[in-house]
Amino acid sequence: KSAPRLFLKKFGSSVNGFGSKNSDVDLVLVSDDMEWYESKFSWANSQRQFAQDYLYYLGELLPARWKTEYVGNARVPLLRILDFPISRTKSVHVDITFMNTVCLLNSQLLRAYADHSADTFALCQVVKLWAKSNQLVSSPKNSHSFPTSYAWICLVIFFLQERVGVVEKLIGGPKGMIEPIWGC
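The numbers attached to residues start from 1 for each chain and follow its sequence in the written order. Reporting in this predicted model follows two pLDDT cut-offs: at least 70 for local features of residues, and 80 or more for side-chain atom pairs to be given and counted; totals over whole chains, interfaces and linings ignore these cut-offs and use all residues. Note: side-chain values were computed over all heavy atoms of the structure, leaving out hydrogens and water.

Novice: Mind showing me how you'd approach the overall build of the chain here?
Specialist: Along the backbone of the chain there are 6 helices and 5 strands. Every helix listed is a DSSP run of H or I at least four residues long, and every strand listed is a run of E at least two residues long, numbered separately from the N terminus. Shown N-terminal to C-terminal, the secondary structure of the chain runs as helices and strands in the order β-α-β-α-α-β-β-β-α-α-α. Only protein chains enter the accessibility calculation, which uses a 1.4 Å probe; a residue whose area is less than 20% of its type maximum is buried, one above 50% is exposed, and one in between is partly exposed. When the 184 residues of the chain are sorted by exposure, 38% land in the buried category. A contact between two residues is defined here by any heavy atoms of the two lying within 4.5 Å. Long-range pairs, those at least 24 residues apart, make up 51% of the contacts in the chain with a sequence separation of at least 6. Within the structure as shown, the chain displays about 11700 Å² of accessible surface, and the carbon and sulfur contribution to it stands at 55%. Computed by Shrake-Rupley with a 1.4 Å probe, the accessible areas treat only the displayed protein chains as cover when residues are assessed.

Okay, here's the thing in structure tokens:
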């Protein structure tokens, strides 16, 4: 059987509402037949190794004019396109991961918080901008030294839930909110 089709899905700040005009675009390669890919993990010793190999190979197939960087040692391996053209005069950074589907759920959850409360959204944006302006956000230059923008937003939401009590827990919350789909 040949490999099933793959689809690119957006996640991260371009989906969850916490992005800016300078944000990168995060994409994940997913399939509607995950079992086929999972059967290949044993060949590669692990899902991580398979993702690393697949992304490296994908980077080799992309046009040479797209400056790419393979980041296999990241917490989640990724292929970075440093200047993906979106118009004649503008380009964006694009990060592609492989089969990291939890990121889709995380983006959906943060989107729900952004839509649920304008005050929560505003505080998250202020803390994110403060952390970035003080170089306290993980970046390719300091990838393991600081929390990511995502982590800063999660910390704000946690603080508002636990310490201040002004933000509902949306997972498993009132009808119409996000229902838990994983066993935690």
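Novice: How should I be thinking about the packing of helix α4 (residues 102-116) against helix α6 (residues 149-164) in this particular structure?
Specialist: In helix packing, the relevant descriptors are the interaxial angle and the interaxial distance, both defined with respect to the helix axes. Lines are fitted to the C-alpha atoms to define the axes, a helix being fitted only along its stretch in contact, and any angle between axes, read from their N-to-C directions, falls within 0 to 180 degrees. It is at 12 Å that the axes of α4 and α6 come closest, and there the two elements cross at 50°. It follows from the interaxial angle that α4 and α6 lie oblique. Note on packing geometry: the crossing formed by α4 with α6 is left-handed. Touching Asn-106, Leu-110 and Tyr-113 of α4 are Tyr-150, Ile-153, Ile-157 and Gln-161, all from α6. Angles below 35 degrees are treated as roughly parallel, those above 145 as roughly antiparallel, those between 65 and 115 as roughly perpendicular, and all remaining angles as oblique. Each crossing is labelled by how the near helix is turned from the far one, with a counterclockwise turn of less than a right angle marking it left-handed and a clockwise turn marking it right-handed.

Novice: How should I be thinking about the sheet that holds strand β2 (residues 25-31) in this particular structure?
Specialist: Each strand in a sheet pairs with its neighbour through backbone hydrogen bonds, running either in the same direction (parallel) or in the opposite one (antiparallel). Read from one edge to the other, the open sheet built from 5 strands follows the order β1-β2-β5-β4-β3, with strand pairing classed as mixed. If you trace the sheet from one side to the other, it starts and ends with β1 (6-11) and β3 (68-71), each paired once. Across the sheet, the axes of successive neighbouring strands diverge by a mean angle of 25°, strand direction being ignored. DSSP-based pairing: two strands are paired if at least 2 bridges between them are found. In the sheet, β2 pairs with strand β5 (residues 91-98) via 5 bridges, with the strands oriented parallel.

Novice: What should I look at first to understand the environment of Cys-124 in this one?
Specialist: As for its placement among the helices and strands, Cys-124 is situated in helix α5 (residues 118-133). Taking the relative accessible area as the measure of exposure, Cys-124 reaches 1% and is therefore buried. For the pair formed by Cys-124 and Phe-18, sequence separation is 106 residues and the distance between their alpha carbons is 7.9 Å. Excluding its chain neighbours within four sequence positions, the residues that come into contact with Cys-124 are Phe-18, Ile-153, Val-156 and Ile-157.

Novice: What is the right way to look at a nonpolar patch on the surface in this model?
Specialist: A patch is a set of surface residues, each over 30% in relative accessible area and not in a salt bridge, joined within 9 Å for like charges and within 5 Å for the nonpolar side chains Val, Leu, Ile, Met, Phe, Trp and Tyr. Here, a salt bridge means any side-chain nitrogen of Lys or Arg that lies within 4 Å of a carboxyl oxygen of Asp or Glu. Together, Phe-159, Val-164 and Val-166 give the surface a local cluster of nonpolar side chains, amounting to about 280 Å² of exposed area. Note that Phe-159 resides in helix α6. With a relative accessible area of 43%, Phe-159 lands in the partly exposed category.

Novice: Explain the pattern of salt bridges here, please?
Specialist: One side chain can pair with another of opposite charge once the charged atoms of both are near each other. In this structure the tally under the stated criterion is 3 salt bridges. Here Asp-95 ties to Arg-80 by a salt bridge, and the two come within 2.9 Å at their closest N and O atoms. Of the two residues, Asp-95 is situated in strand β5 and Arg-80 in strand β4 (residues 78-85); the sequence distance between them amounts to 15 residues. Taken as a pair, Asp-95 and Arg-80 share a single burial class, namely buried. Here Arg-111 and Asp-115 are joined by a salt bridge, their closest N and O atoms 2.9 Å apart. Pair noted here: Arg-111 and Asp-115 are both in helix α4, with a separation of 4 residues, about one helical turn.

Novice: Would you take a moment to explain helix α3 (residues 47-61) for this structure?
Specialist: One full turn of an α-helix is made of 3.6 residues, so residues set three or four places apart face in the same direction. What a helix is expected to span follows from its residue count: subtract one and scale by 1.5 Å. Helix length check: α3 (15 residues) gives 21 Å between terminal C-alpha atoms against 21 Å at 1.5 Å per residue, within 8%. For α3, the full list of buried residues reads Phe-50, Ala-51, Gln-52, Leu-55, Leu-58 and Gly-59.

Bear in mind that shape data such as this cannot, by itself, settle questions of function.
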